[in-house]
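Coordinate inspection notes
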Amino acid sequence: MDAPSPPATEADTAETIAALERALLAPDLPEALRTTLRDALAALRRESASLYRAAFDAIPDLVTVMEEDGIVVEINREGTRAHRRVREDIVGQPIHVLNPELPRDHLAPVWERLNRGDTYVIEVTNKRGDGTRFPVEVHSAGFEFEGKRRIIAVARDLSSRAETELRFRELVETIDRGVIVQDEALRIIYANSAAMRLLSLHTGQSIADELRSGHWMVVDERGHELRPEHYPSQMALTSGRIVESTVLGLYHRDRRELIWLSVTAVPQFPPGGDRPHQVFALFSNVTELKRDSALFDRAQALAHIGGWEWDAGRDRLYLTFEAARILGRETVPARIEELIECMQPLDRHRLRNALERTLAGGRGIDLELQGLRQDGSGFWVRAIADAGVGDAVRQVLTGTLQDITVRKLEEEHLRVQARSDPLTGLLNRDAVQAELERRLDTYPHSPLAVLYIDLDRFKVVNDVLGHAAGDRLLASAARRIRHAVGDNAQIARFGGDEFLVVCSLDGDPLRGERLADAILEIFGDSFRVDGEEFSITASIGISQAPLDGRTAQQLIQSADVAMYDSKRRGRNSWQAFTPELAEQQLHRLQLETHLRRAVHNDEFHLVYQPQVDLNDGRVIGAEALIRWRNRSLGEMRPDRFIDHAETTGDIVGIGGWVLHEACRQLRRWRDEGLKIERVAVNVSYRQFLGDDLANSVATALAEYGLAGTSLELEFTERVLIEDAPDTVRTFARLRELGVSLSIDDFGEGYSALNYLRRLPIHGLKLSQLFVQGVPDNQSDVAVCQAVTGIARSLGLGLVAEGVETERQRAFLRELGVVIGQGFLFAPGLSPEDLRDYCLAHS
């Protein structure tokens, strides 16, 4: 019975911890031993000194710690048990006590290996205390403790290895995979029965002789004969690395039989050696899988998807047949750089970066790349890849190449369509702005001109003959502009009846003006539409870069300002942008900036003009009129900012504010006992385009507890000629709410009579443009009589605007007009003044 070991001291424990830490640094320490040592070290650190010793003694292998000269300073309990000695008989003694057969200079090769940072491995025979011997495999590692170099040696008893080898041999003989062991000259030194069976060999035949007979030919997956240096076993011996799952074919020349094998070759190293001395090859028959793979290749071809794999460590690239076909190269790329060279220059850079990121541990690759085949034809592929699972040395990317050329061509066609105006075939608004920005960014100092073209009197054709005729006129105008400009400029339909021309001025500073003259000249001939002739002219504004702007927006705005100045001067002409126009533009931009903040800054207020019964002067309702007082710009008349708000779209937000403020004020008047039937609010057509008007109205009415009949919405005649389904639906929903709908300034437009019946209108407002001339101007009288007759025949209400004299009032009463508004009764009043007015006329 072994004598109990005395308790370890704190120094013993510290020494043991240091030894274990150094041992764990050994790179080739077997994983089982590493796990055991790591567990022991963790236990030593967690527990007290007595537990450190207990953990050290719990290690199932023999562990000794030695001085630099081989004197044993510590041994664990397994070491004393295996050697059948007490600790005191070993500690302090040279290692020869445990292994008397060691030569005197045995530590020289040990330290030579340890000094390089390696682990020294050797199989030796140790001696027990009773004189018997047993084999051990010893792994030694060096470390430093308290300034002294020491060695920790972990030995494993190999007494049971023979039994293990026997069991391993039995296992190899029973598995269904072929096993061949070859020496470093590739001579077969062992083959299991499965290997004989897979090669159709019988008992008594030599597998080595059979493979050397010349009956067999080794081929790769493409059917090409494989050179011996590319055999998996040879590659494993040469590289010292495992060659995994290589598919190769064995063709028997006499039997004309081809079998496919999946081979994995594992190099075997001798103890302490750094070069493999034999190779362990495992293989299985994959002939059926290969057949399925051929079917899969066919499926890849049908789907235009090929596979690829890149072994980054060896820079070996494998492509399936379909992947190679997509690339269209006579020589199939075998290296990654050869694959990259198939791509266009910019995409080569993208692919290289993606490969590097993926190998560095980043996300996988998913790129759409453009390439060029050897015959000059272009292609598009979608490359997808991810890092494969392998050891730390071998980095493999596996993925697919999908031919997306057809889709890309379709996308290009759609992109062209998205950039084109469907009516004229010219560039559309977004496309020309993008092209202009690109040219300015690429050539910031290159002069160019922008021509902003607006067709004069186009609205007449559109209103008289309808949209279809108007579209034909626009298409004809586009053809004329293209003919006048030629191929040296970009032309776009900018919107509605507006066109944009962008041309370079390199060496020709007056080119923009000459193009404008050519456009005006070609518009000199009348247009013929639906059998009718129309004289349509153009107003053109010209801006130049970089003088009049350095961005697309600035240049277009400058040309727009010049175009409006051309219209103001009489139309059918061109106007270049000038500093004076620039100042006007600055004022316009200032107005735009302040206008955009006006609602937020509470700068708007409403006045209310009473709508009265022309017979007794009783107030029926009131029209809400907006006013703007800005601290910088002062009091702004509506005619100075409403049109601008329409152009910028700010009218949508302003109109929403007016709607809610008018409802709020009507609610207050009624709470004060004032009997006002309704309040009228002007609504811009832009509110149809930029807002859900019906919901906004419903929300405002509900917020202030008003019925729909309390609100009248006034629209311009434009809503009558916009025969859009959304417009009709919006009017129908408003009518369902009970809101009154009327057309403001009726009679001023071109085609209101043609389209009046399309929308569910309640009433008309007779424009003050005609009221101001009655009863003396016969033309105004005739118009007023006509509008009154239309309203009466259609069952519509009628309100006369701009009533300023008693004679006008009397004339309107005779026509049967019941309600009017104007300075004869009151101008726009504040809410308080309107309340007083109502009380005075109740």
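One structure accompanies this document, and this report is about it.

About the cut-offs
Residues numbered from 1 in each chain as written. Predicted model: local features only at pLDDT ≥ 70, side-chain atom pairs only at ≥ 80, totals over all residues. Heavy atoms only, no water. Pairing = 2+ DSSP bridges. Helix = DSSP H or I, 4+ residues; strand = E, 2+ residues; numbered from the N terminus. Axes fitted to C-alpha atoms, helices over the stretch in contact; angles between N-to-C directions. Contact = heavy atoms within 4.5 Å. Buried < 20%, exposed > 50% of the residue type's maximum accessible area, 1.4 Å probe, protein only. Phe/Tyr/Trp six-rings, centres within 6.5 Å; stacked < 30°, edge-to-face > 60°. Parallel < 35°, antiparallel > 145°, perpendicular 65-115°, else oblique. Left-handed = near helix turned anticlockwise from the far one by under 90°. Nonpolar A, V, L, I, M, F, W, Y, C, P; charged D, E, K, R; others polar. Polar contact = N/O pair within 3.5 Å; in protein donor to acceptor, adjacent residues only side chain to side chain. Salt bridge = Lys/Arg side-chain N within 4 Å of Asp/Glu carboxyl O. Arc of directions from axis to C-beta.

Quick notes on the sheet that holds strand β11 (residues 278–285)
Read across the sheet, six strands follow the order β7-β6-β11-β10-β9-β8 without closing on themselves; strand pairing throughout is antiparallel. The open sheet terminates on both sides in strands that have one partner only, identified here as β7 (188–191) and β8 (216–219). Each strand axis lies, on average, 30 degrees off the axis of its neighbour in the sheet, ignoring direction. Examined bridge by bridge, strand β6 (residues 178–183) and β11 share six bridges and lie antiparallel to one another. Note on β11: the bridge partner recorded for Val181 is Phe280.

Digging into the sheet that holds strand β22 (residues 537–545)
An order of β18-β19-β17-β22-β23 is seen for the five strands of this open sheet, with the pairing classed as mixed. Here the strands that pair on one side only, and so sit at the sheet edges, are β18 (489–495) and β23 (573–576). Adjacent strand axes in the sheet meet at a mean angle of 20 degrees when their direction is disregarded. The sheet strands contacting helix α18 (residues 511–522) are β17 (448–456), β18, β19 (498–504), β22 and β23, and the helix crosses β22 at an angle near 170 degrees.

Considering unusual backbone geometry
A cis geometry characterises the amide bond from Ala545 onward to Pro546, with omega recorded as 5 degrees. The topology assignment puts Pro546 in the loop between β22 and α19 (552–568). Between Val774 and the following residue, Pro775, the backbone shows a cis peptide bond with an omega angle of 5 degrees. With respect to the helices and strands, Pro775 occurs in the loop between α28 (768–771) and α29 (778–794). Even without a glycine there, the phi angle at Asp315 is positive, about 50 degrees. Relative accessible area serves as the criterion here: at 22%, Asp315 is assigned to the partly exposed category. The phi torsion at Asn572 lies on the positive side, around 50 degrees, for a residue other than glycine.

Re the side chain of Thr119
As for its position among the elements, Thr119 is in the loop between α5 (107–114) and β3 (120–127). Sequence-distant contacts of Thr119, that is, excluding residues within four places in its chain, are made with Ala26, Pro27, Asp28, Arg113, Leu114, His139 and Ser140.

A closer look at the packing of aromatic side chains
Across all of its chains, the model carries eight aromatic pairs by this definition. Measuring from centroid to centroid gives 5.9 Å for Phe604 and Trp628, while their planes differ by 45 degrees, and the two rings are tilted. Residue Phe604 is located in strand β24 (residues 604–613), and its partner Trp628 is located in strand β25 (residues 619–630); the two are separated by 24 residues in the primary sequence. For the pair formed by Phe604 and Trp628, the shared burial category is buried. Their ring planes at 75 degrees and their centres at 4.9 Å tell us that Tyr608 and Trp669 sit as a pair that is edge-to-face. With Tyr608 in strand β24 and Trp669 in helix α22 (residues 651–671), the pair connects residues that are 61 residues apart, well separated along the chain.

Focus on the packing of helix α17 (residues 467–485) against α18
Two elements in contact, α17 and α18, have axes whose closest approach is 9 Å; the angle formed by their N-to-C orientations is 135 degrees. Relative to α18, the element α17 lies oblique. The handedness of the crossing between α17 and α18 is right-handed. Facing Arg480, Ile481, His483, Ala484 and Val485 of α17, the residues of α18 in contact are Leu515, Ala518, Ile519 and Ile522. Here the contact of α17 with α18 is composed, by residue class, of seven nonpolar, one polar and one charged.

Comments concerning the side chain of Gln609
Mapped onto the secondary structure, Gln609 falls in strand β24. Among the polar contacts made by the side chain of Gln609, one reaches the main-chain carbonyl oxygen of Ala826 at a distance of 3.1 Å. Excluding residues within four positions of it along the chain, Gln609 makes contact with Gly621, Ala622, Glu623, Leu625, Gln821, Gly822, Phe823, Ala826, Pro827 and Gly828.

Observations regarding the pattern of salt bridges
If you walk through the whole model with that rule in mind, you get 45 salt bridges. Taking the shortest distance from any N to any O, the salt bridge between Arg350 and Asp347 comes out at 2.8 Å. Here Asp347 and Arg350 lie together in helix α13 (residues 345–359), a separation of three residues that amounts to about one turn. Salt-bridge contacts for Arg667 lead to Asp671; the nearest nitrogen and oxygen are separated by 3.3 Å. One end of the pair, Arg667, and the other, Asp671, are both in helix α22, four residues apart, so they sit about a helical turn from each other.

What to know about the pairing of strand β2 (residues 72–75)
As paired elements, strand β1 (residues 62–67) and β2 share three bridges and run antiparallel to each other. Residue Met66 lies in a different strand from β2, and its bridge partner there is Val72. Adjacent in sequence and paired antiparallel, β1 and β2 are bridged by four residues, among which Gly70 carries a positive phi angle near 95 degrees.

Describing helix α30 (residues 806–815)
Turning to α30, its buried residues are Gln808, Arg809, Phe811, Leu812 and Leu815. Take α30 and look down its axis: the buried residues cluster within an arc of 165 degrees, on one side only. Projecting away from the buried face of α30 at angles above 90 degrees are the exposed residues Arg807 and Glu814. Where α30 is buried, its residues meet β24, β30 (763–766), α28, α29 and β31 (797–800). Downstream of α30 by one or two residues, Gly816 has phi in the positive range, about 95 degrees.

Read these as spatial facts, not as claims about activity.
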